[in-house]
Amino acid sequence: MEGVRYASFTSFATTKSSSFSALSPSSIIILRQKPHKKALKSISHRNLVISASSASNSVVTLLDYGAGNVRSVRNAIRYLGFEIEDVRTPKDILNAERLIFPGVGAFASAMDVLTKTGMAEALCTYIKNDRPFLGICLGLQLLFESSEENGPVNGLGLIPSVVGRFNSSNGFRVPHIGWNALQVAKDSEILDDIGDHHVYFVHSYRAMPSDDNKEWVSSTCNYGDDFIASIRRGNAHAVQFHPEKSGDVGLSVLRRFLNPKSQGTKKPTQGKASKLAKRVIACLDVRTNDKGDLVVTKGDQYDVREHTKENEVRNLGKPVELAGQYYKDGADEVSFLNITGFRDFPLGDLPMLEVLRHTSENVFVPLTVGGGIRDFTDANGRHYSSLEVASEYFRSGADKISIGSDAVYAGEEYIKTKVKTGNSSLEQISRVYGNQAVVVSIDPRRVYLKSPNDVQFKTISVTKPGPSGEEYAWYQC
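Residues numbered from 1 in each chain as written. Predicted model: local features only at pLDDT ≥ 70, side-chain atom pairs only at ≥ 80, totals over all residues. Heavy atoms only, no water.

**Quick notes on the overall build of the chain**
Secondary structure summary: the chain contains 11 helices and 28 strands in total. Counting only residues that meet the buried cut, the chain has 53% of its 477 residues in that class. Accessible surface, the chain: about 22,300 Å² in total, of which carbon and sulfur atoms supply 49%. (Helix = DSSP H or I, 4+ residues; strand = E, 2+ residues; numbered from the N terminus. Buried < 20%, exposed > 50% of the residue type's maximum accessible area, 1.4 Å probe, protein only. Areas by Shrake-Rupley, 256 points an atom, 1.4 Å probe, with all protein chains shown as cover.)

**Topic: the pairing of strand β17 (residues 236-239)**
Residue alternation in β17 divides its side chains into two sets, A236 and A238 and H237 and V239, and both sets are buried. In the sheet, strand β7 (residues 133-137) pairs with β17 via four bridges, with the strands oriented parallel. Bridge pairing in β17 links F133 to A236. By the bridge criterion, four bridges tie strand β16 (residues 225-233) to β17 in an arrangement that is antiparallel. (Pairing = 2+ DSSP bridges.)

**What about the nonpolar core?**
Most often, soluble globular proteins have nonpolar side chains that are buried together. Core analysis: the largest hydrophobic core is formed by 76 residues, its most contacted members being I100, L182, L284, F336, Y393, I401 and I429. Broken down by element, this core gets its largest block of residues, six residues, from helix α6 (residues 247-258). No fewer than three residues from each of domain 1 (59-258) and domain 2 (281-440) sit in this core. Beyond its immediate sequence surroundings of up to four residues, I401 is in contact with V369, I373, A390, Y393, F394, I429, A437, V438 and V439. Within the second largest apolar cluster, 38 residues are counted, among which are L63, M111, C124 and V217. (Core = buried A, V, L, I, M, F, W, Y, C linked by side-chain atoms within 4.5 Å. Domains from an automatic or database assignment. Contact = heavy atoms within 4.5 Å.)

**Quick look at the sheet that holds β16**
The sheet built from eight strands is open, its strands ordered β5-β4-β6-β7-β17-β16-β15-β12 with mixed pairing. The open sheet has two edge strands with one neighbour each: β5 (83-86) and β12 (183-184). Running over the sheet, α6 touches β4 (59-62), β6 (99-103), β7 and β17 and is turned about 160° from β7. (Axes fitted to C-alpha atoms, helices over the stretch in contact; angles between N-to-C directions.)

**Observations concerning the UniProt feature "active site" (unreviewed entry) in the chain**
Following the UniProt record, the feature "active site" (unreviewed entry) maps to C137, H242, E244, D285 and D443 here. Classification of H242 as buried rests on a relative accessible area of 10%. Apart from residues no more than four positions distant in its own chain, H242 is found in contact with I136, C137, Y200 and V202. (UniProt positions renumbered as here; feature names shortened; annotations may be inferred.)

**Describing the sheet that holds strand β10 (residues 159-165)**
Pairing is mixed across the open sheet formed by four strands, whose spatial order is β9-β8-β10-β14. The sheet is open, and its two edges are formed by β9 (153-154) and β14 (205-206), each paired on a single side. Where strand β8 (residues 144-147) and β10 come together, three bridges link them in parallel fashion. Within the sheet, the bridge partner assigned to S147 lies in β10 and is V163.

Now the structure itself:
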């Protein structure tokens, strides 16, 4: 997995970087959103102003088949002043004025749902009829002939090419996670505000440009090799990156698709950005105080209480407000670590779920959450898998799940048995949501040694002697 270095609350770090089996046709159905009372809605954020001018033009149809964090796309659409109608039947696709397909998860699972519900055929017909369409991430990949992910697996077959895994033999880590630049190949309209900005990618598979699909390709991105970053043919658009997680520039991509008539002066699409960028991650330790409120805090080895007579939990602010402030200040990702999550049942941690829901309404960069994500049996004997726990976080607005102690236990078990059981939290969650949706967060501790032979693990020489004159050290989790 792509490693991400986390910083404490008071600092920043840089980085380069619902199980499908439970789904049925009826589970795709989401309640229709209530219409806004106002026909005119204008929103301003940073330097971005977006308007939806009339009720008849402010509705977009969303194809949500029940996997991953589609809440972020919903929030971005609403933030831009548009209403959402969810796809209930294939007919809803055919009748859509504008259709957004935010694909998340594994290629095979998504195609299975689309095929069984009749959505696949309707989707092909809609796009072939040159209706306004925007696919996001997997919503782009499914347009191709097939994928090698757990396959080969047939796709919708609209664009020539096979979706394959990134080549990691050239030293590039897989998944491709981070903010990268686009090379715009032709006029795409929705990319007109990109300029020299970076956009957010998180994927392990990609489609490659070729003579057979060049008429579709509107931009490419380089990660070891050039791959297709976006396509455009007529009114059909699709992007491999996540506009709903790319800050203001990503919101502009959605705006230009949703309301193309409101576009002003065309801006240059080709800038100087040319590679994966180092970005800023704001990391917030969160826990409940003695009043039961979630607060951002900081301490040493979970000692987060003030050294005062009251001995209260150190309170550095409210999680939602601080996350929003860091986003406005330029953070490219926000990470929440619930440092008391390991003590409680995460699915019962309603305040933390609410933090995610409210944060995702106004923060349009990736959100990571960790703390207590593991298999769990409650007081009534009901067993919950780590996948069920993670799924609730994804539905509440998380883009990535951070695994701590459970990852250490899984690693120790593998070292001992040399067997991958498929039952660890890492394996369960990545199997459904993709390994790009899981990160490992470990607190290391330096252990000093007199001799490198004292332990079986590889040691490193220390630049300065240890407390008792030790010459070697290794890191223990």
